[in-house]
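Structure assessment
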Amino acid sequence: RCIHGDITRVDSTLSFDVIKASQVIEHALDPVGLMKQLFNQQVSGGYVLIECPNNEGAFWYVKNILRKPFDRMNSYKSLKLKEHLSGFTKTSLRMILEKSGYKIIRCHDYPVRDRRFHHENLLWYPTIRAGLCRSIRLRDSYHFLKSLIPVFDSVSSKLAGRGTHMAILGQKLTDGTQFTNAA
């Protein structure tokens, strides 16, 4: 059985083998509390897959240099004001999962337009061809420049491990002991 929705509204007596939280943890008021809640609703040996922006992504550094000329002052790194309440690196995300009782199976970055994760990026970032065509039609370089972001991000991810997003897979280790507020 698959349930899609807000974990805080799911019956607390239900437990899950696999939980996926894609682009969620950066919006949580209490990321550690969220992870502990996921842990408490998971069977022993269950898996959790968390995806979120990578605050060490090379694109964020470039974006911060270019955001003023392109009138994009509403965001800094991946921390979009009023949207992203926390920012994470591979190290900090590993620490949160480990603190919450998970063994890390795999943690890696990935670029925008990666078809395995965060599918919305396929819509947000045009292909080079589409960006070039739109820029020619509108006589504006913005769309072509935006289409180059996935190329830059892919190279950054492959060569330096600094892709714009990251995914971490963890496995619940304990026999189901629940976290309390003291944990």
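Just so you know, these numbers come straight off a predicted model, no measurement behind them.

What to know about the packing of helix α2 (residues 58-66) against helix α6 (residues 142-160)
Here α2 crosses α6 at 135°, and the two axes come no closer than 9 Å. With respect to each other, α2 and α6 are oriented oblique. Along its contact with α2, which presents Ala58, Phe59 and Val62, the element α6 presents Ile149, Phe152, Asp153 and Ser156. When grouped by side-chain class, the residues that make up the contact of α2 with α6 number 5 nonpolar, 1 polar and 1 charged.

A look at the pairing of strand β6 (residues 165-172)
Counting buried positions over the 8 residues of β6 gives 7, a clear majority of the element. Two elements, strand β2 (residues 42-53) and β6, share 7 bridges in a ladder whose sense is antiparallel. Looking at β6, one finds that leucine 49 is bridged to leucine 169. By the bridge criterion, 8 bridges tie strand β5 (residues 102-110) to β6 in an arrangement that is antiparallel.

Digging into the layout of surface pockets
Rolled over the atoms, a probe as big as a water molecule pinpoints where empty space is left. If you add up the space inside the second largest pocket, you get close to 560 Å³. As for the second largest pocket, its lining consists of 20 residues, of which Ile3, His4, Gly5, Ile19 and Lys20 are closest to the centre. Looking at the lining of the second largest pocket, the elements that each hand over two or more residues are β1 (16-22) and α1 (31-40). Here the lining of the second largest pocket gets 7 residues from one element, more than from any other, and that element is β1.

What to know about the confidence of the model for the chain
In this model, the chain carries an average pLDDT of 85, and 88% of its residues clear a pLDDT of 70 or more. For the stretch residues 178-183, pLDDT sits under 50, and the model shows 8 contacts to residues farther than four places along the chain or on other chains.

Looking at the pairing of β1
Two faces, one strand: in a regular strand the side chains alternate between the faces of the sheet. With 6 bridges connecting them, β1 and β2 associate as parallel partners. Within the sheet, the bridge partner assigned to valine 18 lies in β2 and is tyrosine 47. You can see the chain leave β1, run along α1 and come back into β2, and the turn it takes is right-handed.

Structural notes on the packing of α1 against helix α3 (residues 90-99)
Helix-helix packing: each pair is described by the crossing angle between the helix axes and the interaxial distance. Between α1 and α3, the least distance of the axes is 9 Å, while the angle of their chain directions is 45°. In terms of orientation, α1 and α3 fall into the oblique class. As α1 packs across α3, the resulting crossing turns out to be right-handed. Counted together, Pro31, Val32 and Met35 of α1 and Ile96, Leu97 and Lys99 of α3 form the full contact between these two elements. When the residues that make up the contact of α1 with α3 are grouped by side-chain class, the tally is 5 nonpolar, no polar and 1 charged.

Observations concerning the environment of lysine 146
By secondary structure assignment, the location of lysine 146 is in helix α6. Owing to a relative accessible area of 23%, lysine 146 belongs among the partly exposed residues under this scheme. For lysine 146 and tyrosine 125, which are 21 residues apart along the polypeptide, the C-alpha to C-alpha distance reads 6.5 Å. Ignoring any residue separated from it by four or fewer positions in sequence, one finds lysine 146 in contact with Trp124, Tyr125 and Pro126.

Regarding a nonpolar patch on the surface
A contiguous nonpolar patch, built from Ile128, Leu145, Leu148, Val151, Val155 and Leu159 and spanning about 510 Å² of accessible area, is present on the exposed surface. The dominant element in the nonpolar patch, judged by the number of residues it contributes, is α6, at 5 residues. In this fold, leucine 148 is placed in helix α6.

How each quantity is defined
- Residues numbered from 1 in each chain as written.
- Predicted model: local features only at pLDDT ≥ 70, side-chain atom pairs only at ≥ 80, totals over all residues.
- Heavy atoms only, no water.
- Axes fitted to C-alpha atoms, helices over the stretch in contact; angles between N-to-C directions.
- Helix = DSSP H or I, 4+ residues; strand = E, 2+ residues; numbered from the N terminus.
- Parallel < 35°, antiparallel > 145°, perpendicular 65-115°, else oblique.
- Contact = heavy atoms within 4.5 Å.
- Nonpolar A, V, L, I, M, F, W, Y, C, P; charged D, E, K, R; others polar.
- Buried < 20%, exposed > 50% of the residue type's maximum accessible area, 1.4 Å probe, protein only.
- Pairing = 2+ DSSP bridges.
- 1 Å grid on protein atoms, 1.4 Å probe; cavity = no way out; pocket = protein on both sides within 12 Å on 5 of 7 lines; lining within 4 Å.
- Points joined across faces, edges and corners; volume = space filled by probe spheres on them.
- pLDDT = per-residue confidence, 0-100.
- Right-handed = clockwise from strand over helix to strand, strands pointing away.
- Left-handed = near helix turned anticlockwise from the far one by under 90°.
- Patch = residues over 30% accessible without salt bridge, like charges linked within 9 Å, V, L, I, M, F, W, Y side chains within 5 Å.
- Areas by Shrake-Rupley, 256 points an atom, 1.4 Å probe, with all protein chains shown as cover.
- Salt bridge = Lys/Arg side-chain N within 4 Å of Asp/Glu carboxyl O.

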